[in-house]
Amino acid sequence: MNRSATAQALASEGATIEAATRTEQVAELPQTIASRFIILIVCMAMVLSTLAYGTVHTWSLAFFQAGAAAIVFFWAVDAWRTGLLRFSRNVLQLPLLGLIALGLAQLLPLGSAFGAEALSVEPSRTLSLDPFWTRIAIVQIASLAIYFAATLAFIDSPRRLRLMVRTITIFGFLLALFSMMQAFTSQGKLFWFAELKQAVPFGPFINRHHFAGYMELALALPLAIALAGGAVEADRRLLYGFAAGLMGIALIMTNSRGGLVSLVAEIIFLISLTEFRARKAEELTAADAASGWRPVLVRLGVSFALLFAIVFGSLLYGGEESLSRFIGTVNSQDPTTGRAHFWSVTLDIIRDRPLLGVGLGAYSVAYTRYDTRGGQFRVEQAHNDYLQTLSDAGVIGAALGLLFIVALFRLGFLRRQSRDPFRRAVATGAMTGCFAVLVHSFFDFTLHTTANALLFLLLAALATVNGRVEEAPRRRRRRRRRSSQTSERLPADDGTKAEQQPNTATAGI
């Protein structure tokens, strides 16, 4: 009796979710040429911003912001052609808008003129210590918000979801392959000709830690798809797993300690999500404990085998040098390589301006006022994104960041309840990539690089985009109905009655 009741509940739940999916597919807007251009611009921005040294120079930032302006133009054309202005109600957009508003408030002339007696011109009296870079930061955040909002609004079908996932996977694989070849043959030069002083580049990135952060984001999607059952065909799972493995090898070859810690945290987080899913399925189906834990143990073994393969591949291709930095600094006088001093100075800045901070992008100016070593270091970032958020944007900015993170994982876990295995794997992988770079942000400033920030927001969008991207499980529905009739001998009209029930689930935001 209990097994029969459980099967009936599963059939009713499945029909309800399928009805919600069909309702969203009916409400799907037509895909105009303008919307296709928007998707093209987003994909090109992801690729080109990475190849342009991560987009940290003025010329590359100008092109990136021009792309955001082009998106706004095609967005208006799409609204004119369809008669509707499409947008997403995803709450993750609100913290970005709040951060822009905070930056504008920091430009108000309500501050004090520090050191005015020593200047021959009238100093700026804004709340921001560096209003010029605060304006630059506002424009940059607004550009990223446009890319993010466009992804949420126009990734509106299963086909476009798969296109974005494949683009990230293929580009991440090719980027890892190129970066490894460059590391073997270029002798520290970017693209084999650009030699940088006082920098340790890797791939197209000037900072090797930023490349490691990019790989953390990119490898999460193929890794989750490879470990998920039913997301793709068996032969494609091997390809996704191989792509993730090569990206992991490239990550370790950067010699970034924060990157290695984040990679381990990434795999542990992914295993935890798999275990959570297995336990929930066990509760729903009332299966025995052995069958419920079997897929968890299999994925656990595969994950650790992949981690071992990544480390072995790094030693094979990169030699002992690929892991030397993890061991060489353990017994040094300062294992943090100067970060402890940077963090102590940042804490002094936070104590002095706790509410609104010193201004977006004004950290380097503020650091000189509080540095106790007389300008021995030229520091532009705090090497800890959380501390720098507090110093630049104060408690208000930190609250906005916390809201974004909480909403991201809350909505991501909701999307993991989808009946579509590919959608479920994408949500899992996207959250895993975001989690990894959030761990890395404790040690570096990877999200201050435009390419990393864009990919982070794209993954956040893929993790939380609404149910229009889900495929209706028609084949799986017929297979499930046939198996339930055979094993449970359920009446044939149970599924029909369940399908006629009113839709009570909400797959959209």
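Residues numbered from 1 in each chain as written. Predicted model: local features only at pLDDT ≥ 70, side-chain atom pairs only at ≥ 80, totals over all residues. Heavy atoms only, no water.

Caption draft 1: Looking closely at the nonpolar core. With 94 residues, the main nonpolar core has Y147, F148, Y214, M215, L408, F456 and L462 as its most contacted residues. For this core, the element with the highest residue contribution is helix α7 (residues 208-227), accounting for 13 residues. What Y214 contacts, discounting residues up to four positions off in sequence, is M46, T50, F171, L175, F205, A451, N452 and L455. In terms of nonpolar packing, the next biggest core, distinct from the first, is built from 12 residues, I349, V358, Y363 and A366 among them. (Core = buried A, V, L, I, M, F, W, Y, C linked by side-chain atoms within 4.5 Å. Buried < 20%, exposed > 50% of the residue type's maximum accessible area, 1.4 Å probe, protein only. Helix = DSSP H or I, 4+ residues; strand = E, 2+ residues; numbered from the N terminus. Contact = heavy atoms within 4.5 Å.)

Caption draft 2: View of the pattern of salt bridges. In total, this model carries 5 salt bridges according to the counting rule given. Where D78 meets R86, a salt bridge forms, and the shortest distance between an N and an O atom there is 3.2 Å. Here the two residues D78 and R86 agree in accessibility, since each one is buried. Two residues, R351 and D348, come together in a salt bridge whose shortest N-O distance is 2.5 Å. With R351 and D348 both in helix α12 (residues 339-352), this residue pair falls 3 residues apart, about one helical turn. Using a relative accessible area of 29% as the deciding quantity, one classes D348 as partly exposed. One network of salt bridges, with partners in common, ties together D78, R86, D156 and R160. (Salt bridge = Lys/Arg side-chain N within 4 Å of Asp/Glu carboxyl O.)

Caption draft 3: Up close: a nonpolar patch on the surface. Together, I33, F37, L40, M44, L48 and L51 make up a nonpolar patch on the protein surface, roughly 550 Å² of accessible area in all. When you line up the elements, L51 lands in helix α2 (residues 33-51). You can call L51 partly exposed: its relative accessible area is 34%. (Patch = residues over 30% accessible without salt bridge, like charges linked within 9 Å, V, L, I, M, F, W, Y side chains within 5 Å. Areas by Shrake-Rupley, 256 points an atom, 1.4 Å probe, with all protein chains shown as cover.)

Caption draft 4: Quick look at the confidence of the model for the chain. The predicted model of the chain averages 79 in pLDDT, with 71% of residues at 70 or higher. Below a pLDDT of 50 lies the segment residues 13-26, which in the model reaches 28 contacts outside its immediate sequence neighbourhood of four places, other chains included. Predicted confidence is poor over residues 476-509, with pLDDT under 50, and the contacts of this stretch with residues over four places away or in other chains come to 48 contacts. (pLDDT = per-residue confidence, 0-100.)

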